[in-house]
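Summary of structural features
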Amino acid sequence: KKPVIGWIGLGMMGWPMARHMVQAGYDVRVFDLKPEVSQRFAGEIGGEVAPTLEALGAASDIVVTMLPDGKAARMALIDGADNASKGMKSGAVAIDMSSSEPTGTVELGAALKEKGIALCDAPVSGGTWRAEEGSLAIMLGGGDAAALDAAEAIMGPMSRVVIRTGPLGSGHAMKCLNNYLSAIALSATNEAILVGAKFGLDPSVMIDVINVSTGRSNNTETKFKPSVLTRKFDAGFATALMTKDVGIAAGLAEAQDQDMPILKLLTGIWRDFNEAHPGSDHSASIQYWEERNGEK
Ligand code: NAD
């Protein structure tokens, strides 16, 4: 029998991911901080709106969080006045699929363990289009073998690959490091495009060349033509979230007494861009370099 799934967070990523679970035949109970979003999900996709997080926890075998960060996940699972672990049975499993800060995840795991709840971290990569397609890459961490198996068993509808990364927090550590690399590629491509454009190169031709050359990345392949060069800036991942992820990676290095100059520089750049452009999408970051150079 399929486990009942409590799904918390129906944003850019959570919505399509939860949709795949409903379409795969799971009984899904949904909750979002914005009640109108849960209502719309139940109306358009299916599943059932949970009136409270406690009720969601009580009805579910597995509770998934897909929230902005680890703080929000902790609020929803254990810290909030209404929270899921109030209702969850001993033996239930929680999976934080948000890109959270790894040491916070370890602390959250210890707090939930006292209630008999096993936590796994299972952040995802691939962006909104892979979430829509159900082909995310999932990095699965955790210390409880049965919980890991239960978590992996429900990942199929959302993912093309699940890689076990090690103990609790390892998935979240892996995720921020991946996004650090993605942010580097995006940032460096912004610079290359602007230098080339000023010299007279056509940015669209540049992307064509890069995509058959060694400078290519997921950014050049999926974001530049549709979102950056068109200036739609609609890739579907908030600047605030990318800034958070790079900051988590920098915090991890710092906590381990490592001096990582590129990571440090990148953290400052994204923090500045996020402050200057609150609410923007990360694909708008080329504006940071344009503004520095007095263009636009
Ligand atoms: P989002 O801001 O679009 O969605 C977050 C949702 O959580 C919103 O609907 C919000 O109302 C809800 N929410 C916030 N706090 C809540 C709480 N305490 N209780 C219940 N609901 C709450 O964010 P997103 O783009 O879907 O990203 C979610 C997570 O996935 C983030 O950690 C992000 O870094 C990560 N991520 C995003 C992408 C992407 O391309 N967008 C890709 C991979 C990973």
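Residues numbered from 1 in each chain as written. Predicted model: local features only at pLDDT ≥ 70, side-chain atom pairs only at ≥ 80, totals over all residues.

The name recorded for the protein in an unreviewed UniProt entry is NAD(P)-dependent oxidoreductase, from Nisaea acidiphila.

Description of the UniProt feature "domain: 6-phosphogluconate dehydrogenase NADP-binding" (unreviewed entry) in the protein
What counts here: UniProt positions are given in the numbering used here, feature names are shortened, and annotations may be inferred rather than shown by experiment. The helix and strand labels rest on DSSP assignments: H or I over at least four residues marks a helix, E over at least two residues marks a strand, and numbering proceeds from the N terminus.
UniProt tags residues 5-163 as "domain: 6-phosphogluconate dehydrogenase NADP-binding" (unreviewed entry). Annotated as 41% helix and 23% strand, the span residues 5-163 places its first and last C-alpha atoms 21 Å apart.

Here's the deal with the site of the ligand
What counts, and what does not: Think of it this way: take the backbone, place a C-beta atom on it, and check whether that atom is within 6 Å of the molecule or strand, in which case the residue is near it. In the scheme used here, Gly and all other residues not listed as nonpolar or charged are polar, with Ala, Val, Leu, Ile, Met, Phe, Trp, Tyr, Cys and Pro taken as nonpolar and Asp, Glu, Lys and Arg as charged.
Around the ligand lies a shell of 28 residues, among which Gly-11, Met-12, Met-13, Leu-33 and Phe-237 are the nearest. Of all elements in the fold, only helix H4 (70-79), strand S7 (124-125) and helix H6 (127-133) reach the threshold of two or more residues within the shell around the ligand. In terms of residue count, the dominant contributor to the shell around the ligand is H4 (3 residues). Looking at the shell around the ligand residue by residue, the class counts come to 16 nonpolar, 9 polar and 3 charged.

Brief notes about the domain arrangement of the protein
For clarity, the threshold we go by: Those domain boundaries reflect an automatic or database domain assignment. Residues are treated as contacting if the C-beta atoms built from their backbones sit within 7 Å of each other.
Split into domains, the protein comes out as domain 1 (5-167) and domain 2 (174-292). Placing the centre of domain 1 and that of domain 2 at their C-alpha centroids yields a distance of 28 Å. Contacts between the two partners involve 12 residues from domain 1 and, on the opposite side, 14 residues from domain 2. Across the side of domain 1 that touches domain 2, the residue classes tally to 5 nonpolar, 5 polar and 2 charged.

Quick word on the packing of helix H8 (residues 170-199) against helix H12 (residues 239-255)
Using the following cut-off: To obtain each axis, a line is fitted to C-alpha atoms, and for helices this fit is confined to the stretch in contact; angles are then taken between N-to-C directions over 0 to 180 degrees. In this scheme, a crossing is called left-handed if the near helix is turned counterclockwise away from the far one by less than a right angle; it is called right-handed if the turn is clockwise.
In the contact formed by H8 and H12, the axes pass within 8 Å of each other and the chain directions differ by 115°. In the packing of H8 onto H12, the handedness of the crossing is left-handed. Contacts between H8 and H12 involve Ala-173, Cys-176, Leu-177, Asn-179, Tyr-180 and Ala-183 from the first element and Met-242, Asp-245, Val-246, Ile-248, Ala-249 and Leu-252 from the second. Across the contact of H8 with H12, the residue classes tally to 10 nonpolar, 1 polar and 1 charged.

Details of H8
The condition that has to hold: Each helix should span, by expectation, one fewer than its residue count multiplied by 1.5 Å.
Taking 1.5 Å of rise per residue, 30 residues should cover 44 Å, and H8 covers 44 Å from first to last C-alpha, within 8% of that figure. Just beyond H8, the residue with positive phi is Gly-200, at close to 115°.

As for the UniProt feature "active site" (unreviewed entry) in the protein
Taking the UniProt record as the reference, the feature "active site" (unreviewed entry) is found at Lys-175. With respect to the secondary-structure elements, Lys-175 resides in helix H8. Those residues in contact with Lys-175 that sit more than four places away from it in its chain are Ser-99, Pro-123, Ser-125 and Met-139.

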